[in-house]
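Coordinate inspection notes
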Amino acid sequence: MGNISLFQVAVLLASAAFIAPLAKQLRIGAVLGYLFAGVLIGPYVLGIFADADRMLHVAEFGVVLLLFLIGLELRPQRLFAMRRSVIGAGGTQVAVTALILFAMMAAAQYNWRYALFTGLALSLSSTAMVLQVLKEQGELEHRHGRLGFAVLLFQDIAAIPMIAFVGLLAVGGADQATMTWEGALKALGALCAVILAGRYVLGWIFHLIAKTGISEAMTAFALLSVVVIEIIFKGAGLSPALGAFIAGALLADSSYRHEIEADIKPFESLLLGMFFVSVGMSLDLKLITDVPLKVFGAAAALMLIKAGILFVVGRRFGLDIAGARRFAVAMAQGGEFAFVLTGAAIAAFVITRDFASQINVIVTMTMVATPLVMLAESWWTRRKAPVEQGHAGHDDMPEQGGHIVIAGLGRMGQIIARVLAARKIPFTALDGDPSQIEIVRRFGGTVYFGDATRADILAAAQTDKARAIVVCVSNVEASLRICELVRKNYPDLPIYARARDRRHVHWLMDLGVEHIMRETFLSSLELARRVLLETGMSRDEAATTIRMFAERDRRRLHDDYAHKTDDEKLVESAKRHAQELADLFASDAPENAGIDDAKARSERTAAKR
């Protein structure tokens, strides 16, 4: 990173430590806070950092780590299921945006090389910006968030041939940067190497390191893996972020996935924050003050054009009006790959440095504007929500009455649906994950796309005519939101809810939910019963032990509700109930507890049949 003083390091760490929490308190989002911090400490205000470009190149490693972590969350099967969105939506957006921008630049009498380069460079959005903002808002799992990710993935892939294509635009006599057969083979070799290493080598090495029990070695190797991937892909002229994503996806099925994610996450968050600070530093305020109308006008025009195209793409690929609008606003900016493309174009003499500076400033302006525009869109949506809550973003559901509504088709929801189907009891199952819906339908299940946390979706499922609703969603906040909506709009409807833990149970009780089942409670009791049999306990004694424990635990769960916010009293209650239960078992111990080993083995054998 060149010569950097301890004072500059302190400033960077202070930005990471204080800016994000402050921005969250001000409700402007951490990304916007980082961008403003970068402007403040950059070369045009306080001048603490004079070389913003050098910082930007280093901080781009945060984007690489982000894509690696995203890859860890996406199994190859899910990627294959997303192919329509990636190729269809992503390809349409990039092609149409590039074509329209090229036509506008050509109409403005720009050289055709400048026009084509501008169309390609500005068709890309900011992967780091969009994913970070959507993650902050909890929108990555929404339909527009998943479609946005698919489009960004296509853009990251498309950036590779774009960088190679820049050489084809080079004027005569320039240092040509076209992709040769040798370069193509090198790129293909790098891609195959990462795929093979991610599939067969990385998991094996993680296993060997895990056996040593040295946690810092696991962290070091996780970071080393990403660094080596970046070196390989950069050397082959490919996108390091794409390589990291592929490696992460190939490790998604690894048993060490969660530990790898936990190890890398702090570094990713810190470096990604530094990336946004660097983007703020690189904002050329002198160019903005020299030609403000041109810069602001071009940035606004770019965002409006891209937003219009993205809105149409979103509607074409199944988003409702609100979702398509949010999708368009989130992705309307220019992206970090534009900086890479302008650097390659300058080296190939496709564009001048002055023109590249204008492109970079426009892209940076749109990135700065994105969090603000998204805040404005959220405010406007909240105001207009009652008007727009029509038939939005869900499948058509059949007219029926006396049915059961199932919210969430995960592990518990699927079992409940199968039992109801076996007894031919009508039900309407809702899930907001298209890939999950595809899996259930493939095996003959009946499920409809719809977000059950929305009142209009519950109405479309004829919840007012239902016998009961079963809330099986895994997300605690979504579970509480659904129960709150049902209690408000259908006060007499029985609610059967899945709870993650005791605290979740208490929150559900706050909403008046009476039928609550902790998701692992019964299976844990059954497993405990079998373990007791293995120790030599008789079937009757094991069954009595489990029954008494379950009764006491349920009673304690309700007793703890009175002081659910007092951790000290909850700890005291747990100790007291544990002692009472131990005393109860001691007093009820059967006289024939010392049965011989032969009888014990006989009892265990009979119990397992």
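Since this is a predicted model, take the numbers as computed values, not measurements.

1. Some details on the overall build of the protein chain
Scanning the protein chain from N- to C-terminus turns up 27 helices and six strands. Out of the 609 residues in the protein chain, the part that is buried amounts to 47%. In the protein chain, the share of contacts with a sequence separation of at least 24, taken over all contacts with a separation of at least 6, comes to 74%. Put simply, the protein chain shows about 30,500 Å² of open surface, and 61% of that area lies on carbon and sulfur atoms.

2. Re the sheet that holds strand β1 (residues 404–407)
Paired through their backbone hydrogen bonds, the strands of a sheet run either parallel or antiparallel. With parallel pairing, the six strands of this open sheet are ordered in space as β3-β2-β1-β4-β5-β6. Looking at the sheet topology across the chains shown, the edges are occupied by β3 (448–449) and β6 (515–518). Across four bridges, strand β5 (residues 495–499) lies against β6 in parallel orientation. Residue pairing for β6: A497 is matched across the bridge by I516.

3. Points about the pattern of salt bridges
Here the structure, examined in full by the defined rule, presents 10 salt bridges. Two residues, K286 and D290, come together in a salt bridge whose shortest N-O distance is 3.3 Å. With K286 and D290 both in helix α14 (residues 285–290) and four residues apart, the pair spans about one turn of that helix. R502 is paired through a salt bridge with D553; the nearest N and O atoms lie 3.1 Å apart. Pair noted here: R502 is in helix α23 (residues 502–510) and D553 is in helix α25 (residues 539–560), with a separation of 51 residues, a long-range link.

4. What about α25?
Spanning 22 residues, α25 covers 31 Å between terminal C-alpha atoms, matching the ideal 32 Å at 1.5 Å per step. Every buried residue of α25 is accounted for by A542, T545, I546, M548, A550, D553, R556, L557 and D560.

5. Quick word on the nonpolar core
Within the largest apolar cluster, 119 residues are counted, with the highest numbers of intra-cluster contacts made by F68, F206, I260, I264, F276, M331 and I351. Sequence-distant contacts of F276, that is, excluding residues within four places in its chain, are made with V31, Y34, L35, A128, M129 and Q132. Formed by 29 residues, the second largest nonpolar core is a distinct cluster that contains A466, I482, L485 and V486.

6. Some points on the confidence of the model for the protein chain
Low-pLDDT portions of the prediction should not be read for the details of their coordinates. For the protein chain, per-residue confidence averages 78 on the pLDDT scale, and 79% of positions sit at 70 or higher. The model gives residues 386–393 a pLDDT under 50, and that stretch makes 15 contacts with residues more than four places away or in other chains. Overall, residues 590–601 carries pLDDT values under 50, and its contacts beyond four positions in sequence, including any with other chains, amount to four contacts.

7. Things to note about the side chain of T127
Topologically, T127 is positioned in helix α8 (residues 127–136). For T127, a relative accessible area of 3% corresponds to the buried category. Ignoring any residue separated from it by four or fewer positions in sequence, one finds T127 in contact with L66, L67, L152, D156 and E336.

8. Some words on unusual backbone geometry
Here the phi dihedral of Q109 falls at roughly 70°; this positive angle occurs in a residue that is not glycine. Here Q109 falls in the exposed class, since its relative accessible area comes to 71%. Its identity is not glycine, yet K424 carries a phi of approximately 55°, on the positive side.

9. Regarding helix α2 (residues 30–41)
With 12 residues, α2 should reach 16 Å at 1.5 Å per residue; the first-to-last C-alpha distance of 17 Å fits that figure. Burial runs high along α2: 10 of the 12 residues are buried. Buried within α2 are the following residues: A30, V31, L32, G33, Y34, L35, A37, G38, V39 and I41.

10. Some details on the side chain of R326
Counting through the fold element by element, R326 comes out in helix α16 (residues 321–330). Note on R326: relative accessible area 6%, which makes it buried. Within the structure, the side chain of R326 is placed 2.9 Å from the backbone oxygen of M374, a separation counted as a polar contact. If we ignore the near neighbours within four places in the chain, the residues touching R326 are Q137, E139, H144, M374, E377 and S378.

11. Description of a nonpolar patch on the surface
A surface patch of nonpolar side chains, amounting to about 540 Å² of accessible area, comprises L196, Y200, V201, W204 and L208. Of the residues examined, W204 reaches a relative accessible area of 53% and is grouped as exposed.

12. A word on the environment of A452
When you line up the elements, A452 lands in the loop between β3 and α21 (455–460). By relative accessible area, A452 is classed as buried at 7%. If we skip the residues at most four places from it in the chain, A452 touches A407, L430, I457, L458, I482 and L485.

13. Some details on the packing of aromatic side chains
Inspection of every chain in the model, using the stated rule, returns three aromatic pairs. Between Y110 and F355 the ring centres are 6.0 Å apart and the planes differ by 55°, which places this aromatic pair in the tilted class. You can see Y110 sitting in the loop between α6 (83–107) and α7 (112–122) and its partner F355 sitting in helix α18 (residues 353–388), a full 245 residues away along the chain. Taking relative accessible area as the criterion, Y110 reaches 33% and is therefore assigned partly exposed. Aromatic rings pair up to connect Y110, Y114 and F355 into one cluster. Sitting over the ring of F317, R316 keeps its end group 5.8 Å from the ring centre. Here R518 stacks its cationic end above the ring of F521, 4.1 Å away from the centre of that ring.

14. Thoughts on the environment of T463
Residue placement: T463 occurs in the loop between α21 and β4 (468–471). Through-space distance from the C-alpha of T463 to that of V486 is 8.5 Å; in sequence the pair is 23 residues apart. Setting aside chain neighbours within four positions, we find T463 in contact with V405, L458, Y490 and L493. Of note is the side chain of T463, whose polar atom sits 2.6 Å from the backbone oxygen of L458.

15. Things to note about the packing of helix α24 (residues 521–534) against α25
It is the contact of α24 with α25, at a shortest axis distance of 9 Å, that shows an interaxial angle of 150°. The interaxial crossing formed by α24 with α25 has right-handed handedness. Here F521, L522, L525, A528, R529, L532 and L533 of α24 lie close against α25, whose contacting residues are R539, A542, T545, I546, F549, A550, D553 and R554. Grouping the amino acids of the contact of α24 with α25 by side-chain chemistry returns 10 nonpolar, one polar and four charged.

16. Comments concerning the pairing of β1
In the case of a regular strand, side chains alternate between the two sheet surfaces. In β1, alternate side chains face the same way, and those of I404 and I406 on one face and V405 and A407 on the other are all buried. As for the winding sense of the linkage, the β-α-β connection from β1 through helix α19 (residues 411–422) to strand β2 (residues 427–431) is right-handed. As paired elements, β1 and β4 share four bridges and run parallel to each other. Its bridge partner being in β4, A407 is matched across the sheet by V471.

Criteria and thresholds
- Residues numbered from 1 in each chain as written.
- Predicted model: local features only at pLDDT ≥ 70, side-chain atom pairs only at ≥ 80, totals over all residues.
- Heavy atoms only, no water.
- Helix = DSSP H or I, 4+ residues; strand = E, 2+ residues; numbered from the N terminus.
- Buried < 20%, exposed > 50% of the residue type's maximum accessible area, 1.4 Å probe, protein only.
- Contact = heavy atoms within 4.5 Å.
- Areas by Shrake-Rupley, 256 points an atom, 1.4 Å probe, with all protein chains shown as cover.
- Pairing = 2+ DSSP bridges.
- Salt bridge = Lys/Arg side-chain N within 4 Å of Asp/Glu carboxyl O.
- Expected span 1.5 Å × (residues − 1).
- Core = buried A, V, L, I, M, F, W, Y, C linked by side-chain atoms within 4.5 Å.
- pLDDT = per-residue confidence, 0-100.
- Polar contact = N/O pair within 3.5 Å; in protein donor to acceptor, adjacent residues only side chain to side chain.
- Patch = residues over 30% accessible without salt bridge, like charges linked within 9 Å, V, L, I, M, F, W, Y side chains within 5 Å.
- Phe/Tyr/Trp six-rings, centres within 6.5 Å; stacked < 30°, edge-to-face > 60°.
- Lys NZ or Arg CZ within 6 Å of the ring centre and 35° of its normal.
- Axes fitted to C-alpha atoms, helices over the stretch in contact; angles between N-to-C directions.
- Left-handed = near helix turned anticlockwise from the far one by under 90°.
- Nonpolar A, V, L, I, M, F, W, Y, C, P; charged D, E, K, R; others polar.
- Right-handed = clockwise from strand over helix to strand, strands pointing away.

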